[in-house]
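Commentary on secondary and tertiary structure
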Amino acid sequence: MLNVPSQSFPGPSSQQRVASGGRSKVPLKQGRSLMDWIRLTKSGKDLTGLKGRLIEVTEEELKKHNKKDDCWICIRGFVYNVSPYMEYHPGGEDELMRAAGSDGTDLFDQVHRWVNYESMLKECLVGRMAMKPALPKDYHEEKKVLNGMLPQSQVTDTLAKESPSSPSYDWFQTDSLVTIVIYTKQKDINLDSVIVDHRDDSFRAETVIKDYSYLVHVALSHEIQEDFSVLVVENVGKIEIVLKKKENTSWKRLGHPQENHNSIIPKKDTGLFYRKCQLVSKEDVTHDTKLFCLMLPPSTHLQVPVGQHVYLKLPITGTEIVKPYTPVSDSLFSEFKEPVLPNNIYIYFLIKIYPAGFFTPELDHLQIGDYVSVSNPEGNFIISQLQELEDLFLLAAGTGFTPMVKVLNYALTNIPSLRKVKLMFFNKTEDDIIWRSQLEKLAFKDKRFEVEFVLSVPTSEWSGKQGYISPALLSEFLKRSSDTSKVLICLCGPTPFTEQGMKMLHDLNFSKDEIHSFTA
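Figured I'd write up the structure that's included with this text.

Basis of the calculations
Residues numbered from 1 in each chain as written. Predicted model: local features only at pLDDT ≥ 70, side-chain atom pairs only at ≥ 80, totals over all residues. Heavy atoms only, no water. Buried < 20%, exposed > 50% of the residue type's maximum accessible area, 1.4 Å probe, protein only. Helix = DSSP H or I, 4+ residues; strand = E, 2+ residues; numbered from the N terminus. Pairing = 2+ DSSP bridges. Right-handed = clockwise from strand over helix to strand, strands pointing away. Contact = heavy atoms within 4.5 Å. Axes fitted to C-alpha atoms, helices over the stretch in contact; angles between N-to-C directions. Arc of directions from axis to C-beta. Disulfide = S-S within 2.5 Å.

**Some remarks on the pairing of strand β25 (residues 449-455)**
In terms of burial, β25 is a largely internal element, 5 of the 7 residues being buried. Looking at chain direction, strand β24 (residues 420-427) and β25 are connected through 7 bridges and run parallel. Bridge pairing links methionine 424 to glutamate 452 in β25. Remark: the β24/helix α8 (residues 436-445)/β25 crossover connection has right-handed handedness. Sheet analysis places β25 next to strand β26 (residues 465-466), joined by 2 bridges and oriented parallel. Pairing of leucine 455 across the sheet is with glutamine 466, part of β26.

Structure, rendered in structure tokens:
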């Protein structure tokens with residue numbers, strides 16, 4: 001619904017898109033860019049019509065404001081007057097009007113829940129909905145059970161029949177350590193499934209269980225050291241988080257419950273959580289694409305699952321701007337670049353810099369040692385799609401190559417049934433091809449892997465394939481190992497590329513289960 005209005009980034013043909021929505025932008029009038037909106041919010045003009053007052057809004061009152069020149073929308077319990085924003089919204093006025101006079105949270109989440117609407121619309125805030133969201137049962141009660149474990153009744157009532165079995169947690173201690181144990185009651189839990197952040201006295205552990213998040217969130221009763229360890233016993237779904245005490249004293253309790261502690265809620269209803277990561281390196285990959293390396297804080301455990309993305313957040317001209325990117329490996333070969341520290345400390349991004357853009361020039365201007373906020377991972381790629389796979393086909397255009405990097409690495413390393421992996425990589429010119437030499441070396445080293453480069457604006461010396469995605473190219477490229485082989489086709493690129501590719505694949509009789517698109 002609400003979109004960060006950026007005229008030039010990502011551009012109309014950008015491949016740095018990861019969230020699906022099938023939404024098209026509309027042309028904005030001159031003087032209606034993101035910078036123009038920011039100037040308006042800082043002009044001192046009354047954008048709410050309430051002269052600075054904040055009010056409590058009833059559902060009946062909200063319903064009255066349902067016209068373009070008087071449009072209020074509720075997002076996560078807060079009401080905004082979006083009428084002044086209408087002309088600045090790249091998705092168009094009609095899309096905003098779909099939520100006029102109502103709670104637009106679900107609609108907002110469907111399109112791009114990552115947008116930092118609090119910052120973008122802070123001058124449009126009318127107030128809070130009169131109806132308060134229900135807190136988990138016994139949220140404020142302090143009940144002492146074994147070693148401070150909270151009772152099972154404190155898990156919220158959002159557990160529906162289709163949700164996972166109710167997880168729980170406990171904790172125990174030695175003279176120097178505190179161990180928090182999370183019992184997920186699931187067998188497909190691994191180190192990617194849990195995200196841990198310790199900030200000041202706040203301890204937060206989010207465990208992703210299918211489409212749900214289970215949260216352990218407490219203000220610790222005593223100080224701990226920055227570093228900690230996370231262990232997973234996969235066959236029983238048990239997670240152990242080992243904290244180091246600053247002082248060897250006995251804890252009487254783990255701490256005080258914080259928001260959503262010991263609750264399990266649908267992942268789509270959880271807000272994005274950010275931590276500040278330090279820029280430790282950036283290097284040129286092509287003439288306009290760079291490899292950024294960010295280092296996680298020692299007080300964070302975060303591993304981005306294969307095929308998922310995160311959001312980077314930067315303050316630009318006083319407003320926090322958020323953009324989605326898919327992390328990659330540091331290279332296609334571990335021997336190309338020996339990491340100084342373990343890989344799970346670092347997150348790598350291949351990012352195209354748009355000189356006339358709004359976000360990427362600011363990212364490029366960061367100095368080594370500066371910080372970027374990084375969100376929890378999101379995405380709908382399921383790694384089990386790769387199990388027992390025989391043929392993997394990757395169709396990528398430009399920086400649409402980024403989600404393919406980890407998929408490619410994982411498949412070649414972990415899928416014994418794999419017979420072949422083929423990448424068809426579309427670019428404008430030879431200079432635009434990301435990691436060309438690495439891809440060619442990988443094809444030479446691993447006979448299961450083949451790569452074909454397709455250029456739309458080649459030089460006269462180019463002897464390879466040229467043109468755009470087409471049925472003829474695909475029908476020649478997508479040859480199964482056998483008539484019955486299990487196949488997956490991954491597709492990523494700018495919106496027209498992806499939409500055309502999806503239609504062509506369906507026309508070639510590939511089923512929905514055999515196709516995964518990372519689309520915009």
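**Some remarks on the sheet that holds β25**
Strand order in the open sheet formed by 6 strands is β26-β25-β24-β23-β27-β28, with parallel pairing between adjacent strands. Edge strands, defined here as strands with exactly one partner in the open sheet, are β26 and β28 (515-518). Where strand β27 (residues 487-492) meets β28, 4 bridges bridge the pair, whose relative direction is parallel. Among the inter-strand pairings, isoleucine 489 is bridged to a residue of β28, identified as isoleucine 515. Packing against the sheet, helix α7 (residues 402-414) makes contact with β23 (391-397), β24, β25, β27 and β28, and its axis sits at approximately 160 degrees to β23. With respect to the sheet, helix α10 (residues 495-507) is in contact with β23, β24, β27 and β28, its orientation differing from that of β27 by roughly 155 degrees.

**Considering the sheet that holds strand β17 (residues 289-295)**
As summarised here, the arrangement of the 6 strands in space is β20-β19-β22-β16-β17-β21, forming an open sheet in which the pairing is antiparallel. Single-partner strands in this sheet number two, and they are β20 (319-325) and β21 (346-352). For this sheet, the mean inter-axis angle between neighbouring strands, taken without regard to orientation, is 40 degrees. In terms of strand pairing, strand β16 (residues 274-284) meets strand β22 (residues 371-375) through 5 bridges, oriented antiparallel. Directly across from glutamine 278, in β22, lies its bridge partner tyrosine 371.

**Remarks on α8**
All of the buried residues in α8 are Gln438, Leu439 and Leu442. Down the axis of α8, the buried set is contained in an arc of 100 degrees. They therefore lie on one face. Packing partners of the buried residues in α8 comprise α7, β24 and β25.

**A closer look at unusual backbone geometry**
Despite not being glycine, aspartate 200 shows a phi value in the positive range, around 55 degrees. Among the secondary structure elements, aspartate 200 is positioned in the loop between β9 (194-199) and β10 (202-209). Unusually for a residue other than glycine, tryptophan 435 sits at a positive phi of about 55 degrees. Locating tryptophan 435 in the fold gives a position in the loop between β24 and α8. Relative accessible area serves as the criterion here: at 9%, tryptophan 435 is assigned to the buried category.

**Quick word on the side chain of threonine 179**
With respect to the helices, strands and loops of the structure, threonine 179 is situated in strand β8 (residues 177-183). Exposure remark for threonine 179: the relative accessible area of 7% places this residue in the buried category. Residue contacts for threonine 179: discarding those within four places in its chain leaves Asp170, Trp171, Phe172, Glu240, Ile241 and Val242.

**Some remarks on the state of the cysteines**
Using the criterion set out here, one finds 0 disulfides in the structure. You can see cysteine 492 has no disulfide; the closest cysteine sulfur is in cysteine 490, sitting 9.6 Å from it. For cysteine 492, a relative accessible area of 1% corresponds to the buried category.

**Here we look at the environment of valine 328**
As for its position among the elements, valine 328 is in the loop between β20 and β21. Residue valine 328 is classed as buried on the basis of its relative accessible area, which comes to 3%. Taking the C-alpha atoms as reference, valine 328 lies 5.4 Å from tyrosine 348; in sequence the two are 20 residues apart. Excluding residues that lie within four positions of it along the chain, valine 328 makes contacts with Leu291, Tyr348, Phe349, Leu350, Thr402, Val405, Lys406 and Trp435.

Functional significance is not addressed by these values, which are geometric in nature.
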